[in-house]
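Each chain, written out:
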Amino acid sequence: MIPIQNIYYMLAYAFGVLQKKEYKKMATEPFHNTAELCAAILTTGIATQCKKGLYQTYQEQMETLSVVRGKIDIPQSLQTQAVCKKQVVCQYDMFSSNTHHNQILKCTMLLLLKADITKARKKALQKYLTFFQTVDTIHHKQINWHIPYHRNNQTYRMLLSVCYLVIHGLLQSDGNGTLTFMDVFDAQQMHRLYEKFVFGYYKREFPQIKVTASQIPWQVDDGFCDLLPIMQTDIMLSYGKDCLIIDTKYYAHTLQQRFDTKKIHSQNLYQIFAYTKNKETTDQTVSGMILYAKTDAYTQPNHVYHMQGTKISVKTLDLYCDFPKIAAQCNEIVYEHFGKL
């Protein structure tokens, strides 16, 4: 199992806001499971957000009143016979913190209170729940994750991303429908986190390198591209005339096995080869890399292939060691392809 401390570092690079001073102490704080780590991040982030004020928007309200407020809903006033009581049904806008952003935070905090976390952490969650008394309580299956962000709610992006990891990566349901928490994120969420971590690491630690997740157009002879799939890279590093395309993979089993023979996943190799050959130009040298996360298997790929003039590497990143060693592995990839910058 990946050390919880390393998961913190991965989250810190995936979400750059965790590099801020209020989160720094978590780098040395011991966590016995991932739910504890997520609870610590959320309580720290929500504490900061509460000082600034929870995100609020104008929301339409409908209420039967003795005085006019906003717009009178005449049909509804007649239907409910409010006029007989010398009242009218009014529609008006009210500035409220009962937004979907805050509903997701409240839902996640309530779920974490049922997780295996320390009493001190639960006490902190309960403390900040008092700021959400006017926010509706929703079920986690009611959450709409397609949330727009803008200048007024940009600080929620990281918090809601952690909520997403908690709900989709830590929650599991048994046969009776009872929800329990796993100690670590599931494989799908770890794959997403692994990709974001590698991207964020190079973005922060190597500012001289252009780091993108660009799409690659197909090099077709006649310009006809109908029905061709989109080639979306995970990470593309560009420096001078050199380009390295990295495809991150997080599997329980790095290699596929057939008839007692272990091989690299063929679809991974086909994919990175297609990326590099379609990216190649006359004035740029393009290389490709499949970067697997290390598993507990005996054989870990660490090979370099030269295919039709293109360098394709298959590497393994060890996430089980101390983080300085993880950083050294990431740095070595850059030095190998771009030299000492």
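Predicted model only: the values in this text are computed from it and were never measured.

**What about the overall build of the protein?**
Of regular secondary structure, the protein possesses 10 helices and 15 strands. Taking 20 Å as the expected radius of gyration for a compact globule of 341 residues, we find that the protein reaches 26 Å, considerably beyond that expectation. When the backbone C-alpha atoms are referred to their principal axes, the protein occupies close to 85 × 55 × 45 Å. Residues classed as buried in the protein amount to 46% of the 341 residues present. Restricting the contact set of the protein to residue pairs at least 6 apart, pairs at least 24 apart contribute 66%. Surface accessibility of the protein: about 18900 Å² in total, with carbon and sulfur atoms responsible for 51%. A gap of 8 Å separates the mean positions of the 37 positive and 28 negative side-chain charges of the protein.

**Quick look at the pairing of strand S15 (residues 310-317)**
Burial analysis of S15 places 6 of its 8 residues in the buried class, which makes it a mostly covered element. Bridge count between strand S13 (residues 285-293) and S15: 6 bridges; the pairing is parallel. If you follow Tyr-292 over to S15, its bridge partner there is Thr-316. Pairing between strand S14 (residues 303-307) and S15: 5 bridges, direction antiparallel. Paired with Val-304 across the bridge in S15 is Ser-313. Between S14 and S15, which pair antiparallel one after the other, the connecting turn spans 2 residues, and Gln-308 there sits at a positive phi close to 50°.

**Remarks on the pairing of strand S3 (residues 88-96)**
Two strands pair when backbone bridges link them, and strand S1 (residues 57-65) and S3 are joined in this way by 9 bridges, in the antiparallel orientation. Looking at the pairing, Glu-63 lines up with Cys-90 of S3. Sheet topology places strand S2 (residues 71-72) next to S3; 2 bridges connect them, and they run antiparallel. Looking at S3, one finds that Lys-71 is bridged to Gln-91.

**Points about the sheet that holds S14**
The strand order across the open sheet built from 6 strands is S6-S9-S10-S13-S15-S14, with neighbouring strands paired in mixed fashion. At either margin of the open sheet sits one strand with a lone partner, and together these are strand S6 (210-212) and S14. Between one strand axis and the next, the sheet turns by 20° as a mean value, whatever way the strands run. Each of strand S9 (235-239), strand S10 (242-249), S13, S14 and S15 touches helix H10 (residues 323-338); the most contacted strand, S15, lies at about 170° to it.

**Quick look at the nonpolar core**
Judged by nonpolar contacts, the single largest core of 85 residues is most densely connected at Phe-197, Tyr-202, Leu-237 and Leu-319. Sequence-distant contacts of Tyr-202, that is, excluding residues within four places in its chain, are made with Val-211, Leu-237, Ile-246, Cys-330, Ile-333 and Val-334. If you look at the next biggest cluster of nonpolar residues, it comprises 14 residues, including Met-231, Ile-245, Val-286 and Ile-290.

What counts and what doesn't
Residues numbered from 1 in each chain as written. Predicted model: local features only at pLDDT ≥ 70, side-chain atom pairs only at ≥ 80, totals over all residues. Heavy atoms only, no water. Helix = DSSP H or I, 4+ residues; strand = E, 2+ residues; numbered from the N terminus. Rg over C-alpha atoms; globule rule 2.2 N^0.38 Å. Buried < 20%, exposed > 50% of the residue type's maximum accessible area, 1.4 Å probe, protein only. Contact = heavy atoms within 4.5 Å. Areas by Shrake-Rupley, 256 points an atom, 1.4 Å probe, with all protein chains shown as cover. Lys, Arg positive; Asp, Glu negative; His and termini not counted. Charge placed at Lys NZ, Arg CZ, Asp CG, Glu CD. Pairing = 2+ DSSP bridges. Axes fitted to C-alpha atoms, helices over the stretch in contact; angles between N-to-C directions. Core = buried A, V, L, I, M, F, W, Y, C linked by side-chain atoms within 4.5 Å.

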